[in-house]
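A closer look at the structure
Here's the letter readout for the chains.
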Amino acid sequence: MKILIVEDHPACRDLLAFFLRNMGYKTVEVENGEKAIACAATLQPDVIFIDVSLPDANGIALAAVIKRNAETAHIPILVITALPASVWRTKALRAGASEYLSKPASALELRQTVEKLTHGSQESRR
């Protein structure tokens with residue numbers, strides 16, 4: 001399973017990748033929306049993690065762009081951010097995100113969410 005991590009803060013990106021690789025997932029990390037769009041289409045990851053605050057894009061708008069593209073619309077998106085859930089959760093889900101997590105997320109939360117998303121992804125591809 002491949003997970004694309006879209007996170008502009010190197011420490012957060014590295015920590016997410018570390019946890020996910022230790023869970024047995026392959027990760028590809030990018031730091032902005034432009035690279036995320038290209039990687040999503042080329043790599044066809046099983047899940048995409050998107051931070052809300054990116055240098056060149058709003059993560060919610062990025063999720064919507066990925067969901068509107070026929071090549072990437074099937075990929076589950078997890079929006080993860082330190083911004084208040086009360087505002088951003090609804091926006092993320094309306095944009096097409098499958099799940100929303102608040103930072104800092106525990107390793108258990110990450111595992112459970114990825115398992116939920118990849119199970120659903122595998123079922124829809126059958």
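Anything mentioned here points back to the structure above.
Computed from a prediction, not measured in an experiment: that's the story for all the values here.

**Considerations on the environment of A17**
Relative to the assigned elements, A17 resides in helix 1 (residues 10-22). Residues A17 and I5, 12 residues apart in the sequence, show an inter-C-alpha distance of 7.5 Å. Aside from chain neighbours lying at most four places away, what touches A17 is I5, T27 and E29.

**Concerning the pattern of salt bridges**
Evaluated as defined, the whole model comprises five salt bridges. The partner of E29 in a salt bridge is R21, and the shortest N-O contact between them spans 3.7 Å. Taking relative accessible area as the criterion, E29 reaches 31% and is therefore assigned partly exposed. D51 is the salt-bridge partner of K103, the closest N and O atoms lying 3.4 Å from each other. Of this pair, K103 sits in the loop between strand 5 (99-102) and helix 5 (107-125) while D51 sits in strand 3 (residues 47-51); the two residues are 52 residues apart in sequence, bridging distant segments of the chain. Shared partners join several salt bridges into a network, and the residues in it are E7, D51 and K103.

**Considering the side chain of E99**
When you line up the elements, E99 lands in strand 5. Judged by its relative accessible area of 15%, E99 is buried. Reaching out from E99, the side chain makes a polar contact with the side chain of K116 at a distance of 2.6 Å. Setting aside residues no more than four positions away along its own chain, E99 makes contact with I77, L78, V79, L93, T113, K116 and L117.

Calculation rules
Residues numbered from 1 in each chain as written. Predicted model: local features only at pLDDT ≥ 70, side-chain atom pairs only at ≥ 80, totals over all residues. Heavy atoms only, no water. Helix = DSSP H or I, 4+ residues; strand = E, 2+ residues; numbered from the N terminus. Contact = heavy atoms within 4.5 Å. Salt bridge = Lys/Arg side-chain N within 4 Å of Asp/Glu carboxyl O. Buried < 20%, exposed > 50% of the residue type's maximum accessible area, 1.4 Å probe, protein only. Polar contact = N/O pair within 3.5 Å; in protein donor to acceptor, adjacent residues only side chain to side chain.

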